Amino acid sequence: MELTDRELTIRLRQNDGVAFETLFRRYYRYLYAIAIQYVKDPVLAEDSLQEVYLKLWTNREGLDASQSVKNYLATAMRHQVLNQLRDDKRAILRHIERQSGLAIVDTTTEDQLILNEYDSVVRTGLNQLPAQRRLVFLLRSENGLSNEEVASRLHISINTVKVHYYQACRFLRDYLRHHAGIETLVLLLSSFCD
C-alpha cells in the first residue's frame, strides 16, 4: 500500500531515508517541470532540483505534516530558480559592467544570447521614443557625437538636442526599470547618459 504524503512527511521528520527517496521519486518530474519552465536549461533544472531536495532533507524536522509537502516543494522550487536567475542576472550585469566600453568578442553563445535579450529590451524601449528623440539619443550614445555635432547634423538648436537626450535617457531608465528589472543596467545607462 502506497503511503500518503502526510505519512511520508511524518517519517521524513524522523530521519527516514526511504520516505525521502519516495518523495524524491514522487515529485521529481513535477518539480523538474517547474524548474525547466523558468531556467530553460536541463542542467540548471537538475541543479535546482538537487538544491530543493537538499533543503527538504536539511529542514525535515521543521516540516508540518498537516501541510502539503507537494506545495512546500513547489514553493521551494520556485524560490530556488528565481534566486538562481537573480544571482545569474547579477553575474551577467557584473560582466556587462566590466565589458562596458569594450567590444564584446569573447563571449560564449549563452552569454551572447543573454546580452542579445537585454539589447532587445533596450531596442524595444528606443522604438517607443519619438523619431527625432530616438535619433538624437543614437547619435549621441552610439555614434559618440557631441551636442553641437548632433545639432549641426539635424539642423536643430543645441538646447533641443540637450532636451531630447535628457528625455530619452529618463524614459529609457524608467522603461528598463519596469520592463527588465535590471537595476544595474539602469545604473550603467545612467552613467552613460550623464
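Cut-off values and rules
Residues numbered from 1 in each chain as written. Predicted model: local features only at pLDDT ≥ 70, side-chain atom pairs only at ≥ 80, totals over all residues. Heavy atoms only, no water. UniProt positions renumbered as here; feature names shortened; annotations may be inferred. Helix = DSSP H or I, 4+ residues; strand = E, 2+ residues; numbered from the N terminus. Polar contact = N/O pair within 3.5 Å; in protein donor to acceptor, adjacent residues only side chain to side chain. Contact = heavy atoms within 4.5 Å. Axes fitted to C-alpha atoms, helices over the stretch in contact; angles between N-to-C directions. Parallel < 35°, antiparallel > 145°, perpendicular 65-115°, else oblique. Left-handed = near helix turned anticlockwise from the far one by under 90°. Nonpolar A, V, L, I, M, F, W, Y, C, P; charged D, E, K, R; others polar. Expected span 1.5 Å × (residues − 1). Buried < 20%, exposed > 50% of the residue type's maximum accessible area, 1.4 Å probe, protein only. Arc of directions from axis to C-beta.

You'll find the protein chain entered in an unreviewed UniProt entry as RNA polymerase sigma-70 factor, with Spirosoma soli given as the organism. For the protein chain, the Sequence similarities (unreviewed entry) comment in UniProt is given as "Belongs to the sigma-70 factor family. ECF subfamily."

1. So, the side chain of Asp5
Here Asp5 is to be found in helix H1 (residues 5–13). A distance of 2.3 Å separates the side chain of Asp5 from the side chain of Tyr27, its partner in a polar contact. With residues up to four places along the chain from it excluded, the contact list for Asp5 reads Leu23, Arg26, Tyr27, Val69 and Lys70.

2. Thoughts on the packing of H1 against helix H2 (residues 17–39)
The interhelical angle for the contact between H1 and H2, taken along N-to-C directions, is 140 degrees, at an axis separation of 8 Å. With respect to H2, the axis of H1 lies oblique. Crossing of H1 over H2 shows left-handed handedness. Residues Asp5, Leu8, Arg11 and Leu12 of H1 touch H2, and the partners they reach there are Ala19, Phe20, Thr22, Leu23, Arg26 and Tyr27. For the contact of H1 with H2, the class distribution of residues is six nonpolar, one polar and three charged.

3. Re the packing of H2 against helix H3 (residues 42–58)
Interhelical geometry of H2 versus H3 gives an angle of 140 degrees and a closest axis separation of 9 Å. Here H3 runs oblique to H2, going by the angle between their axes. Pair H2 / H3 crosses with right-handed handedness. Across the interface between the two elements, Gly17, Phe20, Leu23, Phe24, Tyr27, Tyr28, Leu31, Tyr32, Ala35, Ile36 and Val39 of H2 pack against Pro42, Leu44, Ala45, Glu46, Ser48, Leu49, Val52, Tyr53, Leu56 and Trp57 of H3.

4. Quick notes on H3
Its 17 residues place the ends of H3 24 Å apart at the C-alpha level, agreeing with the 24 Å of an ideal helix rising 1.5 Å per residue. Within the span of H3, buried status applies to Ala45, Ser48, Leu49, Val52, Tyr53 and Leu56. Considered in projection along H3, the buried side chains sweep an arc of 130 degrees and stay on one side of the axis. Looking at H3, the residues exposed on the side facing more than 90 degrees away from the buried face are Val43 and Thr58.

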